[in-house]
Amino acid sequence: MSKMIVTGGAGFIGSNFIFYQRAHHPEDELICVDKLTYAGNLETLAPVMDDPKFQFVRADIADRAAMDALFEREKPDVVVNFAAESHVDRSIENPAIFLETNVLGTQVLLDACRKYGIGRYHQVSTDEVYGDLPLDRPDLFFTERTPLHTSSPYSASKASADLLCNAYQRTYGLPITISRCSNNYGPYQFPEKLIPLMIANALADKPLPVYGQGLNVRDWLYVEDHCAAIDLILRQGQVGQTYNIGGHNEMRNIDIVKLILQQLGKPESLITYVTDRKGHDMRYAIDPTFIHDELGWLPQTKFADGIRKTIQWYLDNRPWWENIINGDYQTYYERMYGHRG
Ligand code: NAD
Ligand code: TYD
């Protein structure tokens, strides 16, 4: 039995991870720490809010006093850090908040772990720290030994956090692991990211904005497979180790958009090519050999099944994303919890 702090648990992957933990390790205590930025939606966590082994704490990971008080009070055994500013386009518009949350926030958590002691600190990172690969070299993949070579303020902030984690492991002996995953998709993804944005626009018969020519390639992994990999790393991974997570599922953006239109019975005439993202990474591709050989991890969900389930989830849960699009979700916390003090 252990007590785990999950930061960023009101976001996409963090909430899926909380559900995964509840289902697979009901004996563990979970504390979700989330600032509830625009990307955090407490409504997502409604199914676990009344669980006696679950606690929600609204706090900023970069708030040192708040983190110290939390660690002193709760004495967690494990910290899994999902909390981050996560959208590349926003990082291009406003890099500062990415450094505050992703870099300084990570440092505050690492300091709290040093001060109060920790069994394991796990940093949830991204394949974007490796930069990109050219389209004409399909033989190249990111391994754990690929040098960091970032493109966007987002990826630079995530790489900085990874370097800090390694520094704290080497210098202070903090028991750290890092995972670098490829693009996730699945339920509860905020509708600013490619797949949910395209589903929402297609359902509203609005234009589908494809950046550049839509030829950029991403390596897509169903979110539950990512959660299973992190869980395995926490329980069986080697301290000090970095694990790449990905399922060899490379797709061009334009092919994903066409697939979504086809599954929703909408016309390709909705596709609109728009100005490319600045510094747009061409291709991401993970080599997951190490996590497979070391921990026996393999993705369970094929893309054809995962995308069908994901589209169905967005069809079945329209209020969840419609509330986000119309802004109602931002008042949910005050409505539900404001009077609870
Ligand atoms: P998300 O944007 O959906 O969720 C982020 C969550 O963090 C939100 O609930 C937000 O309120 C919270 N948060 C933001 N700043 C905070 C702060 N200062 N203090 C406390 N909470 C804060 O992101 P996501 O897609 O779920 O990504 C989660 C993690 O996984 C991130 O670290 C991201 O870099 C990493 N990652 C994401 C992907 C992907 O495809 N989405 C792939 C690989 C790695
Ligand atoms: P995104 O979901 O933002 O993830 P990331 O940039 O972290 O990989 O974008 C995935 C790909 O889709 C990326 O190549 C940019 C592209 N894209 C579009 O073409 N149109 C859009 O509206 C969005 C949000 C993304």
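Right above here is the structure, for reference.
Residues numbered from 1 in each chain as written. Chains lettered and ligands numbered in written order. Predicted model: local features only at pLDDT ≥ 70, side-chain atom pairs only at ≥ 80, totals over all residues. Heavy atoms only, no water.

Looking at this structure, I do not really get the pattern of salt bridges. What am I missing?
Any two side chains of opposite charge can pair, on the condition that their charged atoms come close. Summed over all chains, the structure comprises 18 salt bridges. Two residues, K115 and D68, come together in a salt bridge whose shortest N-O distance is 3.0 Å. One end of the pair, K115, is in helix α4 (residues 96-116); the other, D68, is in helix α2 (residues 64-74), with 47 residues separating them in the sequence. Put simply, D255 and R252 hold a salt bridge, and the shortest N to O gap is 2.9 Å. Using a relative accessible area of 37% as the deciding quantity, one classes R252 as partly exposed. Taken together, the shared-partner salt bridges connect K3, E29, R73 and E74 into one network. (Salt bridge = Lys/Arg side-chain N within 4 Å of Asp/Glu carboxyl O. Helix = DSSP H or I, 4+ residues; strand = E, 2+ residues; numbered from the N terminus. Buried < 20%, exposed > 50% of the residue type's maximum accessible area, 1.4 Å probe, protein only.)

Honestly, the site of ligand 2 in this entry has me stumped. Any pointers?
If you check the shell around ligand 2, you find 18 residues, and the closest are E128, P209, R218, R277 and H280. In the environment of ligand 2, an oxygen atom lies 2.9 Å from a nitrogen or oxygen atom belonging to the backbone of L194. A distance of 2.7 Å separates an oxygen atom of ligand 2 from a polar atom in the side chain of R218. Burial of ligand 2 by the protein chains amounts to 96% of its free accessible area of 510 Å². Elements that contribute at least two residues to the shell around ligand 2 include exactly α6 (194-203) and β8 (208-211). (Near = heavy atom within 4 Å. Polar contact = N/O pair within 3.5 Å; in protein donor to acceptor, adjacent residues only side chain to side chain. Areas by Shrake-Rupley, 256 points an atom, 1.4 Å probe, with all protein chains shown as cover.)

Explain the packing of aromatic side chains here, please?
The description of an aromatic ring pair uses the distance of the two centres, along with the angle that the planes make with each other. Taken as a whole and assessed by the stated rule, the structure comprises 15 aromatic pairs. Each ring, one from Y185 and one from W220, has its centre 6.4 Å from the other, and the planes form 75 degrees; the classification is edge-to-face. With a gap of 35 residues between them, Y185 in strand β7 (residues 183-185) and W220 in strand β9 (residues 217-222) connect regions that are remote in the sequence. The exposure class assigned to Y185 is buried, which follows from its relative accessible area of 1%. Cluster of aromatic residues (ring-pair linked, three or more members): F19, Y188, W313, Y314 and W320. Sitting over the face of the ring of Y38, R90 holds its NZ or CZ atom 3.4 Å from the ring centroid. Over the ring of F141 we find R283; its NZ or CZ atom is 5.4 Å from the centre of that ring. (Phe/Tyr/Trp six-rings, centres within 6.5 Å; stacked < 30°, edge-to-face > 60°. Lys NZ or Arg CZ within 6 Å of the ring centre and 35° of its normal.)

Looking at this structure, I do not really get α6. What am I missing?
Note on helix geometry: an α-helix contains 3.6 residues per turn, so any two residues three or four positions apart are oriented the same way. By the criterion of burial, α6 is predominantly enclosed, with eight of the 10 residues buried. Restricting attention to buried positions, one finds in α6 the residues I195, P196, M198, I199, A200, N201, A202 and L203. Each element contacted by the buried residues of α6 is listed here: β7, β8, β9, α8 (253-264), α10 (303-316) and α11 (318-326). Two residues or fewer past α6, D205 is found with a positive phi of approximately 55 degrees. (Contact = heavy atoms within 4.5 Å.)

I would appreciate a short explanation of the sheet that holds β7 in the present structure.
Backbone-to-backbone hydrogen bonds pair the strands of a sheet. The strands run either parallel or antiparallel. The sheet built from three strands is open, its strands ordered β7-β9-β11 with mixed pairing. Two strands close off the open sheet at either side, each with one partner strand: β7 and β11 (250-252). On average, adjacent strands in this sheet sit at an angle of 50 degrees to one another, irrespective of strand direction. (Pairing = 2+ DSSP bridges. Axes fitted to C-alpha atoms, helices over the stretch in contact; angles between N-to-C directions.)

I'm lost on α8 in this one. Help?
Given a rise of 1.5 Å per residue, 12 residues ought to cover 16 Å, and the 17 Å separating the end C-alpha atoms of α8 matches this to within 8%. All of the buried residues in α8 are N253, I254, I256, V257, I260, L261 and L264. Down the axis of α8, the buried set is contained in an arc of 160 degrees. They therefore lie on one face. Tucked into the core, α8 has its buried residues touching α6, β8, β9, β11, β12 (271-274) and α10. G265 sits one or two positions beyond α8 and adopts a positive phi of about 65 degrees. (Expected span 1.5 Å × (residues − 1). Arc of directions from axis to C-beta.)

Sorry if this is basic, but what is going on with the sheet that holds strand β2 (residues 29-34) here?
Taking strand neighbours across the sheet as the criterion, the seven strands line up as β3-β2-β1-β4-β5-β6-β10 in an open arrangement whose pairing is parallel. In this open sheet, the two edge strands, each paired with only one partner strand, are β3 (54-58) and β10 (242-245). Averaged over all pairs of adjacent strands, the angle between strand axes in this sheet comes to 20 degrees, irrespective of strand direction. Note: strand β6 (residues 176-181) against β10, four bridges, orientation parallel. Counterpart to R180 in the pairing with β10 is N244. Of the strands in this sheet, β1 (3-7), β2, β3 and β4 (78-81) are in contact with α2, which crosses β3 at around 160 degrees. Lying over the sheet, helix α7 (residues 223-236) contacts β1, β4, β5 (120-126), β6 and β10, oriented at roughly 150 degrees with respect to β5.

That is the geometry; function is a separate question.
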